[in-house]
2 protein chains.
Amino acid sequence: MSAIFKLTYGLFVLSAKDGEKDNACIINTALQVTSNPLQVSVTVNKANFTHDMIMKTGEFNLSILSQDTPFEVFQHFGMQSGRDVNKFEGDVLRTDNGIAYIGGVSNAVISVKVNKTLDVGTHTIFVGEVTEEHVLSDVPSVTYQYYFDHIKPKPEATKKKGFVCKICGYVYEGDTLPEDFICPICKHGAEDFEPL
Amino acid sequence: MSAIFKLTYGLFVLSAKDGEKDNACIINTALQVTSNPLQVSVTVNKANFTHDMIMKTGEFNLSILSQDTPFEVFQHFGMQSGRDVNKFEGDVLRTDNGIAYIGGVSNAVISVKVNKTLDVGTHTIFVGEVTEEHVLSDVPSVTYQYYFDHIKPKPEATKKKGFVCKICGYVYEGDTLPEDFICPICKHGAEDFEPL
C-alpha cells in the first residue's frame, strides 16, 4: 500500500456535448479551487474521448455520484469508450448548457465553463466557473474508499492466470503482462497491476 | 446546501521550508493527477504564508491526516498564520528534502517537487512529481465530511449576535457582516457566512 493511495477522492460522471454527440466518463478528480468566483477543477486523462470534447467545447457537467450508485453505472460510463458506443440513449436529462447529466444516482450536478487548462502530461487540468448547480438528493456522496468497500464486486476465487489492475479491477489474462501495457479502463500502466 | 458542498475532500497538512523557516497550513485540495510520472496537485490560497514559500522554493510535503487527528491540530496549523507564530518547535520530523512533516496523526507523507503552477485567481494550483513517500499508519484518512461529523466541535447554544463561516466554523461577532469580509481562518468571503 503506497502513501499515494491514502489520498481521498469522490467519484463523478464528467459529461460533455459536441454538436449532437453526448459523452461522459468517470473521474475521481473534481475540486472546488476558489469560492470567489466559484471555480471547479477536474483532471482528465487525455486518452478519454470526453477530454477531447471538453478541450474543443470548453464546457462540462459534473454529476456527483452518491453511495446509491450501482457498479453498472461505473461500468457503463467508465469501462467503455464513447468512441465506440453511445453512452446516452432515450430521454436524457440536460442542464441549461445543453449538456447531459446523470439523475437518480447523483446527489448534485454542477455545470462549468472552462477558463484555464494546464497540461500535466498524460492528463489535463481544466479549471472553470460554475454556471449552474442543482442539489438532486440527500444521499451522501460516494468516496473512492466506499466504492472499493461496498460497490466494486469482490474478485471471485479463480484459477485464472493473469494480472489485476489495483486501480480499477480490470483483469488482464495471460502469463506475462507487457511492460508498456496500459489499462484499457482506467489508463494506468503496468506498474499498477499485480498477479491474480 | 449547495451542490458544491457535495464534493469529497481529504484533509492535509501542507508544509514547506524556506531557509531555516518551517511552516505549514491545512488544505483539502490534494490529488494524484498522473501516475506516470507520479504527480500530485495541491490548490493553495495565495493568502497563506505557505503558498509564498512553495512559490519560492518549489517544494512541499503533504502529510495525509487520519481520522485520529484531534481538532487542536486543525487549530494549530489551520487557524493561525506562520507569519505570526512558529508552527514547528522542538524536535521536528523531516523527509529527505529537509521539509517538516506531521507524524502521529498522519497516515502517510508525500514529498513533492513542483514543476508547474496555474494561477486561478485567489489560489494557485501547484503540480509536481513525488520524490519520496512513506506510509505512517493504517488509520483511515480523514475526509472533510468525517471532520464535520466527528472532529469539529459542535456550536454551543449561544445568544451571541454574529455570523458563522459555513466552511470552517469561524464566528464573526457583530450585528452586521461587512460585505467584503474575508474569513481569517479559511479565507472564504462573506457569501459563505450565515447568521448565528
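Keep in mind the model is a prediction, meaning the values are calculated, not measured. (Residues numbered from 1 in each chain as written. Chains lettered and ligands numbered in written order. Predicted model: local features only at pLDDT ≥ 70, side-chain atom pairs only at ≥ 80, totals over all residues. Heavy atoms only, no water.)

Engineer: An account of the interface of chain B and chain A is needed here, citing residue identities and associated values.
Structural biologist: In this assembly, 51 residues from chain B lie in contact with 50 residues from chain A. In total, about 3,800 Å² of surface goes out of reach between chain B and chain A, with carbon and sulfur atoms giving 64% of it. Broken down residue by residue, the surface that chain B buries against chain A is led by K6, T8 and L31 of chain B, which jointly contribute 17%. The interface formed by chain B and chain A contains 0 salt bridges. Counting across the chain B and chain A interface gives 19 residue pairs in polar contact (both at pLDDT 80 or more). (Contact = heavy atoms within 4.5 Å. Buried area = accessible area lost by both parts, 1.4 Å probe. Salt bridge = Lys/Arg side-chain N within 4 Å of Asp/Glu carboxyl O. Polar contact = N/O pair within 3.5 Å; in protein donor to acceptor, adjacent residues only side chain to side chain.)

Engineer: Hey, could you go over the sheet that holds strand β12 (residues 193-195) of chain B for me, with residue numbers and the actual values?
Structural biologist: All names here are of chain B. Here we have 3 strands laid out as an open sheet, ordered β11-β10-β12, and antiparallel in their pairing. Looking at the sheet topology across the chains shown, the edges are occupied by β11 (171-173) and β12. Strand-to-strand twist across the sheet, computed as the mean angle between neighbouring axes with direction ignored, equals 25°. For strand β10 (residues 162-165) and β12, the ladder comprises 3 bridges, and the chain directions are antiparallel. Counterpart to C165 in the pairing with β12 is F193. (Pairing = 2+ DSSP bridges. Helix = DSSP H or I, 4+ residues; strand = E, 2+ residues; numbered from the N terminus. Axes fitted to C-alpha atoms, helices over the stretch in contact; angles between N-to-C directions.)

Engineer: Can you break down the state of the cysteines residue by residue, with the values?
Structural biologist: All names here are of chain B. Tallied over the full model, the rule gives 0 disulfides over all chains. Here C165 stays unpaired: no disulfide links it, and the sulfur of C186, its closest cysteine neighbor, is 3.6 Å away. C168 provides the cysteine sulfur closest to C183, a residue in no disulfide bond, and the two sulfurs are 3.6 Å apart. (Disulfide = S-S within 2.5 Å.)

Engineer: Could you give an account of the relation of the copies chain B and chain A, naming the residues involved and the relevant values?
Structural biologist: Superposing chain B onto chain A takes a rotation of 180° combined with a translation of 0.0 Å along the rotation axis, leaving an RMSD of 0.1 Å. What the superposition gives is, in effect, a two-fold axis relating one chain to the other. Proximity to the rotation axis, assessed at the C-alpha, singles out Y9 of chain B in chain B; its C-alpha lies 3.1 Å from the axis. Looking at the interface residues of chain B, 98% of them are also at the interface in chain A, so both copies use one shared face. (Least-squares fit on C-alpha atoms with pLDDT ≥ 70 in both.)

Engineer: I'd love a proper account of helix α1 (residues 49-57) of chain B, names of residues and values included.
Structural biologist: Residue and element names in this part refer to chain B. Inspection of α1 places T50, H51, M53 and I54 among the buried residues, and these make up the whole buried set. Mapping the buried residues of α1 onto a view down its axis gives an arc of 165°, with all of them on the same face. Those residues of α1 that are buried lie in contact with β1 (12-18), β2 (21-27), β4 (38-45), β5 (59-65), β8 (106-119) and β9 (123-135). Residue G58 follows α1 closely and has a positive phi angle near 70°. (Buried < 20%, exposed > 50% of the residue type's maximum accessible area, 1.4 Å probe, protein only. Arc of directions from axis to C-beta.)

Engineer: Please give an account of the pattern of salt bridges that cites residues and values.
Structural biologist: Residue and element names in this part refer to chain B. As enumerated under the stated definition, the model contains 10 salt bridges over all chains in all. For D22, the salt bridge is made with R94, and the minimal N-O distance between the two is 2.8 Å. With D22 in strand β2 and R94 in strand β6 (residues 93-94), this pair connects stretches of sequence that are 72 residues apart. Judged by its relative accessible area of 37%, R94 is partly exposed. Where D52 meets R83, a salt bridge forms, and the shortest distance between an N and an O atom there is 3.3 Å. One end of the pair, D52, is in helix α1; the other, R83, is in the loop between α2 (71-78) and β6, and 31 residues separate them in sequence. The class of D52 is partly exposed, set by a relative accessible area of 35%. Take R83: its relative accessible area is 46%, and that puts it in the partly exposed class.

Engineer: Give me the packing of aromatic side chains: which residues, what numbers.
Structural biologist: Applying the stated criterion across every chain, the model contains 18 aromatic pairs over all chains. Where F181 of chain A meets F193 of chain A, the ring centres are 5.5 Å apart and the plane angle is 85°; that geometry is what we call edge-to-face. Here F193 of chain A lies in strand β12 (residues 193-195) and F181 of chain A lies in the loop between β11 (171-173) and β12, a separation of 12 residues in the sequence. The residues F181 of chain A and F193 of chain A share a single accessibility class, namely buried. Where Y172 of chain B meets F181 of chain B, the ring centres are 4.7 Å apart and the plane angle is 65°; that geometry is what we call edge-to-face. Following the ring pairs from residue to residue traces out a cluster consisting of Y9, F71, F74, Y144, Y147 and F148 of chain A. (Phe/Tyr/Trp six-rings, centres within 6.5 Å; stacked < 30°, edge-to-face > 60°.)

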